[in-house]
Amino acid sequence: MQKRLFAAATMIILLGGCMVGPDYKKPALTTPEAFRAAPAPAPDAKSIADLKWFEVFSDEQLQALIRTALAQNYNLRDAVARVDAARANLGITQSNQYPNFGVGGQITSVELSQNGLTPVPNGDRRRDVGSVFLNLFPFEIDIWGRLRRATEAAQAELLATDWNRKTVVTTLVSDVATAYFSLLELDMELAIARNTLDTREESRRIIQLQEQAGITLLVDLRQAEQLVYGAAQSIPGTQQQIEQTENQINLLLGQYPGPVKRGRPLSEERTSPAVPAGLPSSLLERRPDIQAAEQILIAANANIGVAKAAFFPQISLTGAFGYSSSALSNLFTGASRAWSFVPQLALPIFTAGRLTAGVELAEAQQRAALAQYERAIQAAFRDVSDALIAYQKTREVRAQRELLVASVRDRKRLAYRRFQGGVDTMLNALNSDQDLFTAELSLAQARLDELRSLVQLYRALGGGWQA
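Residues numbered from 1 in each chain as written. Predicted model: local features only at pLDDT ≥ 70, side-chain atom pairs only at ≥ 80, totals over all residues. Heavy atoms only, no water.

Asks: It is not clear to me how the packing of helix α6 (residues 218-252) against helix α10 (residues 426-460) should be interpreted in this structure. Could you clarify?
Replies: The angle between the axes and the distance between the axes are what describe a pair of packed helices. Two elements in contact, α6 and α10, have axes whose closest approach is 10 Å; the angle formed by their N-to-C orientations is 10 degrees. Between α6 and α10, the angle is such that the two are roughly parallel. Residues Asp220, Gln223, Ala224, Leu227 and Ser234 of α6 form the contact with α10, whose participating residues are Met426, Leu427, Leu430, Asn431, Asp433, Gln434 and Phe437. For the contact of α6 with α10, the residue count by class is six nonpolar, four polar and two charged. (Axes fitted to C-alpha atoms, helices over the stretch in contact; angles between N-to-C directions. Helix = DSSP H or I, 4+ residues; strand = E, 2+ residues; numbered from the N terminus. Parallel < 35°, antiparallel > 145°, perpendicular 65-115°, else oblique. Contact = heavy atoms within 4.5 Å. Nonpolar A, V, L, I, M, F, W, Y, C, P; charged D, E, K, R; others polar.)

Put into structure tokens, the structure is as follows:
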């Protein structure tokens, strides 16, 4: 008898190491050797995405805003809660691999009737029955690896959820930085509009005096007034955008609408001449959305094993050990001992195609997860290429607009000197003023575009989630 029990236990242990379904193998992928539009990297050059976000964005006020957002943002708090939920789900799934025990006891008091089906005319008609048991809850012996595959899937889902949290962090850092730079650009637009308005009001005052003295024409005065009103009407619209952008930043920070402190002005926010992109192979490890997509693929692969295990016999155990006695004083004596052991075997015979359909569903979900994983990789390479192109071209545009502003500013100075010297008309002076206003606004927008492209490149390369 002992040999049979030993042989049965040995068989269960050996079969317990068997797991149906395919083991996960990382898909063979062919990726580009270099990013499109990326400059030739130095042999030991690191990607900008290897830097922490506070090393990329040096503005101390922006750093303070990002830290507040990382502590209070609602989307990030939701992502953290989802990670906690996935971790709890893993604990629940993993617990099914191990026996679960419970203890219980009861006391039953019964008084028999003298006129009942079994009369008790004399003696004590009351009966007290007590019991205490240690119960083995229904426990499945995981011979075919169904529970282990389910745990494997739950663990991958936990990792995918955590990578999704890191994706939220990356998005949050880039959103706060982009909104902050937009706010600085609007501040610059407002300052340009106010300075232009002051200059044009002074020009209008001079022309008005000349028109009253009969030196210039009324049409020149009207044109000067037109420029004044044009600069004045742009101020309220810019102020509106400033306050709305502040509200947007406060929402990212998990705060109610209110003013936002600024650090350096936009003109002092510097970017590097060359931003290293790093090796394309490291992008797969750094981008959190790619890592999340791979974990979802791993979970889908494990679910195929769960579905296939349903074809095989399911062996479960349940039982109890304890004491039961009608005399509570003798409850824990040997004669009161009681136990039960109930092994069960369940084998599906006819399920009308449900089990086969379950395997087909799991395999289809695995193919879909593989397609999404491969698409995430290609989308990441496109994001990096687009960001690299944008960063290079916006820098070129910004440099040309700086030259344009310098040229128009000097033209305006010369035009007003020629007008004051009586060798040119007021029309040329006013036109140069309008051209300078437009050029300065365009330069502010170019500086914003350059900073935005840097933020997008940092995000596309997978930077921002590192603590």
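Asks: Explain the packing of helix α3 (residues 60-72) against helix α5 (residues 146-212) to me, please; I cannot follow it from the model alone.
Replies: Direction vectors running N to C along α3 and α5 enclose 140 degrees, while the axes themselves pass 10 Å from each other. Taken together, the axis directions place α3 and α5 in an arrangement best described as oblique. Seen along the crossing, α3 lies across α5 with a hand that is right-handed. Only Val169, Leu172, Val173, Val176, Ala177, Tyr180 and Phe181 of α5 make contact with α3, whose side of the interface consists of Gln61, Leu62, Leu65, Ile66, Ala69 and Leu70. A class-by-class count of the residues in the contact of α3 with α5 yields 12 nonpolar, one polar and no charged. (Left-handed = near helix turned anticlockwise from the far one by under 90°.)

Asks: So what exactly am I meant to see when it comes to a nonpolar patch on the surface here?
Replies: Taken together, the side chains of Phe101, Val103 and Leu134 define a hydrophobic patch exposed on the protein surface, amounting to about 340 Å² of accessible area. Of note, Val103 is situated in strand β1 (residues 101-111). On the accessibility criterion, Val103 (69% relative accessible area) is exposed. (Patch = residues over 30% accessible without salt bridge, like charges linked within 9 Å, V, L, I, M, F, W, Y side chains within 5 Å. Areas by Shrake-Rupley, 256 points an atom, 1.4 Å probe, with all protein chains shown as cover. Salt bridge = Lys/Arg side-chain N within 4 Å of Asp/Glu carboxyl O. Buried < 20%, exposed > 50% of the residue type's maximum accessible area, 1.4 Å probe, protein only.)

Asks: Explain the pairing of β1 to me, please; I cannot follow it from the model alone.
Replies: Each regular strand shows side chains that alternate between the opposite faces of the sheet. Burial analysis of β1 places just one of its 11 residues in the buried class, a small minority of the element. Where β1 lies against strand β2 (residues 126-141), 11 bridges are found, and the strand directions are antiparallel. Its bridge partner being in β2, Gly102 is matched across the sheet by Asn135. (Pairing = 2+ DSSP bridges.)

Asks: I would appreciate a short explanation of the packing of aromatic side chains in the present structure.
Replies: The geometry of an aromatic ring pair is captured by two quantities: the separation of the ring centres and the angle between the planes. Tallied over the full model, the rule gives eight aromatic pairs. An angle of 40 degrees between the planes, with centres 5.5 Å apart, marks the rings of Phe35 and Phe381 as tilted. Of this pair, Phe35 sits in the loop between α1 (2-16) and α2 (53-56) while Phe381 sits in helix α9 (residues 354-420); the two residues are 346 residues apart in sequence, bridging distant segments of the chain. Since its relative accessible area comes to 6%, Phe35 is described here as buried. Three or more aromatic residues joined by ring pairs make a cluster, and in this case those are Phe57, Tyr180, Phe181 and Tyr458. Over the ring of Trp163 we find Lys166; its NZ or CZ atom is 4.0 Å from the centre of that ring. (Phe/Tyr/Trp six-rings, centres within 6.5 Å; stacked < 30°, edge-to-face > 60°. Lys NZ or Arg CZ within 6 Å of the ring centre and 35° of its normal.)

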